[in-house]
Amino acid sequence: MPSSSLLHESTASSCLRATPPATGSRRRWLALPVAALVLWSGAALPAASARADGTLARGRSAAVAEDPCSSPPVLGHGFDRYGGWKGLRRRATGRFTVRKLGRGFALFSPLGHVFYASGATGIEPTGDYVRDTTSAPYHDAIIARYGNEAAWADATFARLCRLGMRTIGGWVSLPDVERFAGQLAYTVNIHVTAALPEVPTAPSSLRPRRDVFVADAPARVRAYVHSQPLVLRCARDPWCIGVFVDNEYELAPALFAGGSHLDVYLSQPADAAGKRALQSFFERRYRGSLRRFNATWGTALRAWSEIQQLVALGDCPPTPGWTDDLCVLGEPARRFADRMAFEALVAGRSARLADRALDEIEPAMLNLGPRLVVAPYARPLLRAIARHVDVLSVNNYDVRAVADAILTPAQRARMAQLGLLGFDPFERLHQLAETTRKPLWISEWFYRQARPGVSSYPPFLPERPDASSRAAAAAAYLDAILAMPFVVGDSWFQWQDQPLEGRFDGENQLIGIVDIDDNLNQPLADTLARLYGQAIARRFGSRR
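Residues numbered from 1 in each chain as written. Predicted model: local features only at pLDDT ≥ 70, side-chain atom pairs only at ≥ 80, totals over all residues. Heavy atoms only, no water.

**Q** Help me get a handle on the state of the cysteines, residues and values and all.
**A** What the rule picks out here adds up to 3 disulfides. Disulfide pairing is shown between Cys234 and Cys240; the S-S distance is 2.0 Å. Looking down the S-S bond of the Cys234 and Cys240 bridge, the torsion is -85°, so its handedness is left-handed. One disulfide bridge connects Cys316 with Cys327, the sulfur atoms lying 2.0 Å from each other. Taking the sign of the S-S torsion, about -80° here, the bridge from Cys316 to Cys327 comes out left-handed. Placement of the pair is Cys316 in the loop between α10 (290-297) and α11 (323-329) and Cys327 in helix α11, with a sequence separation of 11 residues. Using a relative accessible area of 7% as the deciding quantity, one classes Cys316 as buried. (Disulfide = S-S within 2.5 Å. Helix = DSSP H or I, 4+ residues; strand = E, 2+ residues; numbered from the N terminus. Buried < 20%, exposed > 50% of the residue type's maximum accessible area, 1.4 Å probe, protein only.)

Shown next, in the form of structure tokens:
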């Protein structure tokens with residue numbers, strides 16, 4: 001979509017700021033004929049309509065650029081006002097949709113044109129505050145450079161156009177969305193599990209473990225989702241692609257979690273709702289056979305109700321880090337299967353609660369899933385989540401170096417035997433797509449650059465020693481995912497570098513597309529611009 005030329009800096013935008021469209025409910029949009037909808041939106045009707053199978057749009061208007069970036073045509077076809085490519089069209093619905101396309105999937109704009117969601121997270125003028133202070137070095141720099149946030153927004157939008165980024169990938173506030181209204185498609189983040197009560201007896205964990213089985217869990221989630229301004233904005237705004245419902249929720253196996261949810265609910269007092277749910281799970285799973293349960297877990301229960309007196313099962317004490325997860329890998333296969341089946345039950349319940357709450361507000365608003373962390377998840381857990389999302393999102397970092405340092409060949413073989421996700425970022429995406437049969441959104445990825453003389457935190461995320469090797473790694477990653485027909489979007493984390501002193505949780509990484517002074521990080525920026533400039537032709541050109 002952007003020009004193939006190198007990015008030349010200018011604080012003056014070469015792209016016109018577009019007027020946002022009027023908004024209305026999904027139901028009123030669908031009551032309009034498609035032709036009326038397109039005319040109302042300000043776009044020109046194509047000279048020949050396309051069939052529902054994705055036939056190319058034809059006619060003089062197909063080559064016209066109507067997007068706010070005034071993007072040059074690709075393969076003779078321009079872009080609609082939302083950034084959808086007119087070369088491939090399906091029925092317009094007035095919302096972003098996701099549909100099957102050949103061997104994979106694709107997003108389609110509200111006007112029915114195919115769309116690839118390239119973007120970054122955190123496209124906002126504040127950046128990160130220095131830990132335990134009110135200092136925001138990035139914000140100080142952009143005010144010194146542009147004078148105000150509106151001028152920063154103009155300059156940043158022009159940069160995004162040249163980078164080929166058409167999507168705000170999340171981690172922004174309502175004012176941030178409004179800064180780019182009518183210019184960029186966007187996504188929003190919420191934390192549905194934060195609406196649920198903590199399990200105070202749960203094993204130690206970096207983040208709280210939440211109770212999905214409390215009687216008022218549906219009411220809690222519903223009240224939370226209905227109170228989120230970004231969700232309410234998304235529900236009425238055709239520029240909003242959808243909602244990420246959570247972020248890196250602690251599902252086992254996980255680096256930051258102490259134990260699986262089996263351990264979490266066993267820690268509860270007798271007759272707590274979650275512990276009763278665990279007992280019911282075992283009764284169903286073993287079809288009432290205590291003998292088989294006792295044989296698997298080495299217990300001597302005489303009645304299922306005695307589970308209420310247990311505080312642990314198995315021989316792997318739950319602790320944060322990989323120690324307990326590696327221990328569990330060595331458990332008998334039936335024990336491991338029990339753990340993962342209950343983990344899937346918890347994950348599926350959480351996903352269903354979120355999906356129902358979103359549907360109450362606007363069924364056409366895409367549920368983009370819970371932004372899974374990099375972890376060797378079991379297939380039943382992935383399928384349980386996938387049943388309740390439109391798109392499966394994953395923070396797909398390249399942690400091969402760390403996995404290589406931790407795992408022995410025997411442990412890798414055991415993971416493969418158990419059917420767990422691997423740590424190769426590209427193999428993992430194929431496994432996710434094959435297991436879930438869902439479109440994928442890479443909700444976070446990056447390669448950071450090492451800081452001279454300072455260790456980057458957290459230590460396990462992908463790092464390269466200098467700017468050139470960083471850009472090369474990013475090029476290889478993006479080149480690989482653009483060849484995957486099931487990936488519908490990706491979001492670089494994040495727009496700007498983090499402060500040297502560290503943000504609220506200590507993260508101090510050189511990860512931005514721009515540095516802390518708002519200069520483009522090169523050659524990374526040119527690399528992204530080149531590859532995003534090829535994205536439409538590579539992903540959809542063969543459909544011609």
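Resuming the write-up.
**Q** Help me get a handle on the pattern of salt bridges, residues and values and all.
**A** Opposite charge on two side chains permits pairing when their charged atoms draw close. Inspection of every chain in the model, using the stated rule, returns 22 salt bridges. Here Arg285 makes a salt bridge to Asp338, at a shortest N to O gap of 2.5 Å. Separated by 53 residues along the polypeptide, Arg285 in helix α9 (residues 273-285) and Asp338 in helix α12 (residues 333-361) bring together distant segments of the chain. Of the residues examined, Arg285 reaches a relative accessible area of 35% and is grouped as partly exposed. Judged by its relative accessible area of 2%, Asp338 is buried. We note a salt bridge from Glu507 to Arg503, for which the minimum N-O separation is 3.1 Å. Across the pair, exposure class does not vary: Glu507 and Arg503 are buried alike. (Salt bridge = Lys/Arg side-chain N within 4 Å of Asp/Glu carboxyl O.)

**Q** Help me get a handle on the packing of helix α16 (residues 425-436) against helix α17 (residues 467-481), residues and values and all.
**A** To describe two helices that pack against each other, one gives the angle between their axes and the distance between the axes. Interhelical geometry of α16 versus α17 gives an angle of 20° and a closest axis separation of 11 Å. When the interaxial angle is binned, α16 and α17 end up roughly parallel. As α16 packs across α17, the resulting crossing turns out to be right-handed. Contacts between α16 and α17 involve Pro425, Phe426 and Leu429 on the former and, on the latter, Ala476, Tyr477, Ala480 and Ile481. (Axes fitted to C-alpha atoms, helices over the stretch in contact; angles between N-to-C directions. Parallel < 35°, antiparallel > 145°, perpendicular 65-115°, else oblique. Left-handed = near helix turned anticlockwise from the far one by under 90°. Contact = heavy atoms within 4.5 Å.)

**Q** A description of the packing of aromatic side chains should follow, citing residues and the corresponding values.
**A** According to the stated counting rule, one finds 22 aromatic pairs in the structure shown. The interplanar angle of 40° and the centroid separation of 6.4 Å between the aromatic rings of Phe282 and Tyr286 together place this pair among those described as tilted. For Tyr286, a relative accessible area of 4% corresponds to the buried category. Ring centres of Tyr286 and Phe293 lie 5.6 Å apart, and the angle between their planes is 85°; this geometry places the pair in the edge-to-face category. Within the aromatic cluster, the residues linked to one another by ring pairs are Phe213, Tyr265, Phe281, Phe282, Tyr286, Phe293, Trp297, Trp304 and Phe342. Its guanidinium or amino end placed over the ring of Phe108, Arg99 lies 5.7 Å from that ring's centre, counting from NZ or CZ. The ring of Phe105 has Lys100 sitting right over it, with the charged end atom 5.1 Å from the ring centre. (Phe/Tyr/Trp six-rings, centres within 6.5 Å; stacked < 30°, edge-to-face > 60°. Lys NZ or Arg CZ within 6 Å of the ring centre and 35° of its normal.)

**Q** Which residues make up the confidence of the model for the protein, and what values do they have?
**A** Taken over all residues, the pLDDT of the protein has a mean of 89, while the share at 70 or more is 88%. Under a pLDDT of 50 for its full length, residues 1-58 has, in the predicted model, 133 contacts with residues more than four places off or in other chains. (pLDDT = per-residue confidence, 0-100.)

**Q** How would you explain the nonpolar core if you had to name every residue and give the values?
**A** The biggest cluster of nonpolar side chains holds 160 residues, and the ones touching the most others in it are Val225, Phe282 and Trp445. The element best represented in this core is α12, accounting for 13 residues. With near-sequence residues (within four places) excluded, Val225 lies in contact with Ile190, Val192, Val231, Ala357, Leu358 and Ile361. (Core = buried A, V, L, I, M, F, W, Y, C linked by side-chain atoms within 4.5 Å.)

**Q** So what's going on with the side chain of Ser350? Which residues, and what values?
**A** Examined against the element boundaries, Ser350 turns out to sit in helix α12. The class of Ser350 is buried, set by a relative accessible area of 9%.

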